[in-house]
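# Geometric and topological summary
Take a look at the letters that make up each chain.
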Amino acid sequence: MEIFLNVMLCFIIFMLGACFGSFFNVVLLRLPKKENFINTRSYCPECGKTLLWYELIPFFSYVFQGGRCRNCQSRIKPQYLLMEIICGGGNVWAYLVLGFSYETLIAFILFPVLTALSAEDIKKTEIPYWCTVTIAALGLIATAISFTPLSSRALWYEHLLGTVIIALPFAVFCYLGAMGGGDVQLTAAAGLLLGWAIVPSVLIAMLTGGVFGLVIKLTKKRATICFGPFLSVGIAAGYLYGYDVIKWYAGFLGG
């Protein structure tokens, strides 16, 4: 019975994350067009038909409709399904690692936002400003919580130091043309959220980004390398495991 309840809980958490992914898909589609994405019904971008409620169920609607619009039979971009799966899976991952805590609630917003900004950076080589602002807002919330007994991670000044120790070097890289301004803003916002855990986050991002860049170079393929997705992976990993890595490293140095 306990296993069944845990599976059902994970399913609910997955669907919650998938709903966030579905919503952010709409935001990314409509925001550049300056369309209302708050209280306007969803519609097929090809034929314009307003979608019914059973066509809006994350993951399941795409699968049961064979990835096509029921009205015009046009293909639905796989991006929609992929974002829903990643956001849902990310939320389950956060719950399994963090359990019931305020950190988990923050992760339920953080992971879908990281997924959305990665998709937009890959598509347009641009990190949406609203994603950075959202992460910064989560950082302010985490900083405020650090004054309460709920916090078991960073002290308030460590959140501020997390912004400075990474954002300043990245600002220099940006000035030298090695990365974009959006990357600097993202690391500053993530540093406010993660505190010292931003250090392993950036190391993971640089390692994965460097390996990807090396593969591209060896295969001699021309491709624009966007750093946003690698930063997102590093930030997500750092949020879940960053302080464990720091404690392990400190213990290793202490013998």
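Refer to the structure printed above.
Residues numbered from 1 in each chain as written. Predicted model: local features only at pLDDT ≥ 70, side-chain atom pairs only at ≥ 80, totals over all residues. Heavy atoms only, no water.

### Here's the deal with the pattern of salt bridges
Enumeration over the complete set of coordinates arrives at 3 salt bridges. Glu-120 is paired through a salt bridge with Lys-124; the nearest N and O atoms lie 3.3 Å apart. On the criterion of helical spacing, the pair formed by Glu-120 and Lys-124 is a turn pair, its members being 4 residues apart in helix α4 (residues 102–124). One network of salt bridges, in which partners are shared, links Lys-49, Glu-55 and Arg-70. (Salt bridge = Lys/Arg side-chain N within 4 Å of Asp/Glu carboxyl O. Helix = DSSP H or I, 4+ residues; strand = E, 2+ residues; numbered from the N terminus.)

### Some remarks on the packing of aromatic side chains
Two measures describe an aromatic ring pair: the distance that separates the ring centres and the angle between the ring planes. For the structure shown, the criterion picks out 11 aromatic pairs. Ring geometry for Phe-59 against Phe-60: centres 5.2 Å apart, planes inclined by 80°, an arrangement best described as edge-to-face. Taking 6.1 Å as the distance between ring centres and 40° as the angle between the ring planes, the aromatic pair formed by Trp-93 and Phe-111 counts as tilted. Taken as a pair, Trp-93 in helix α3 (residues 78–98) and Phe-111 in helix α4 lie far apart in primary sequence, 18 residues in all. Following the ring pairs from residue to residue traces out a cluster consisting of Phe-11, Phe-14, Phe-59, Phe-60 and Phe-64. (Phe/Tyr/Trp six-rings, centres within 6.5 Å; stacked < 30°, edge-to-face > 60°.)

### Here's the deal with the state of the cysteines
Considering all chains together, one arrives at 0 disulfides under this definition. Summary of cysteine pairing: Cys-10 is not part of a disulfide, and the nearest cysteine sulfur, belonging to Cys-19, is at 16 Å. Since its relative accessible area comes to 18%, Cys-10 is described here as buried. Cysteine Cys-131 shares no disulfide, and the gap to the nearest cysteine sulfur, in Cys-87, comes to 11 Å. When its relative accessible area of 0% is taken as the criterion, Cys-131 is described as buried. (Disulfide = S-S within 2.5 Å. Buried < 20%, exposed > 50% of the residue type's maximum accessible area, 1.4 Å probe, protein only.)

### Re the packing of helix α1 (residues 2–30) against α3
Running from N to C, α1 and α3 cross one another at 140°; their axes reach a closest spacing of 7 Å. By the angle class used here, α1 and α3 are oblique. Taken as a pair, α1 and α3 cross one another with a handedness that is right-handed. Considering only residue class, the contact of α1 with α3 consists of 16 nonpolar, 8 polar and 1 charged. (Axes fitted to C-alpha atoms, helices over the stretch in contact; angles between N-to-C directions. Parallel < 35°, antiparallel > 145°, perpendicular 65-115°, else oblique. Left-handed = near helix turned anticlockwise from the far one by under 90°. Nonpolar A, V, L, I, M, F, W, Y, C, P; charged D, E, K, R; others polar.)

### Here's the deal with the nonpolar core
Counting 42 residues, the largest nonpolar core has Leu-110, Phe-111, Leu-114, Ile-135, Leu-193 and Tyr-239 as the members making the most contacts within it. Of all the secondary structure elements, the ones that give two or more residues to this core are α1, α3, α4, α5 (129–145), α6 (156–175), α7 (181–194), α8 (198–219) and α9 (228–253). Per-element tally for this core: the top contributor is α4, with 9 residues. Once residues lying within four places of it in the same chain are set aside, the contact partners of Phe-111 are Gly-90, Asn-91, Trp-93, Ala-94, Ala-236, Tyr-239 and Leu-240. Membership of the second largest hydrophobic core comes to 7 residues, among which are Cys-10, Ile-13, Phe-14 and Tyr-95. (Core = buried A, V, L, I, M, F, W, Y, C linked by side-chain atoms within 4.5 Å. Contact = heavy atoms within 4.5 Å.)

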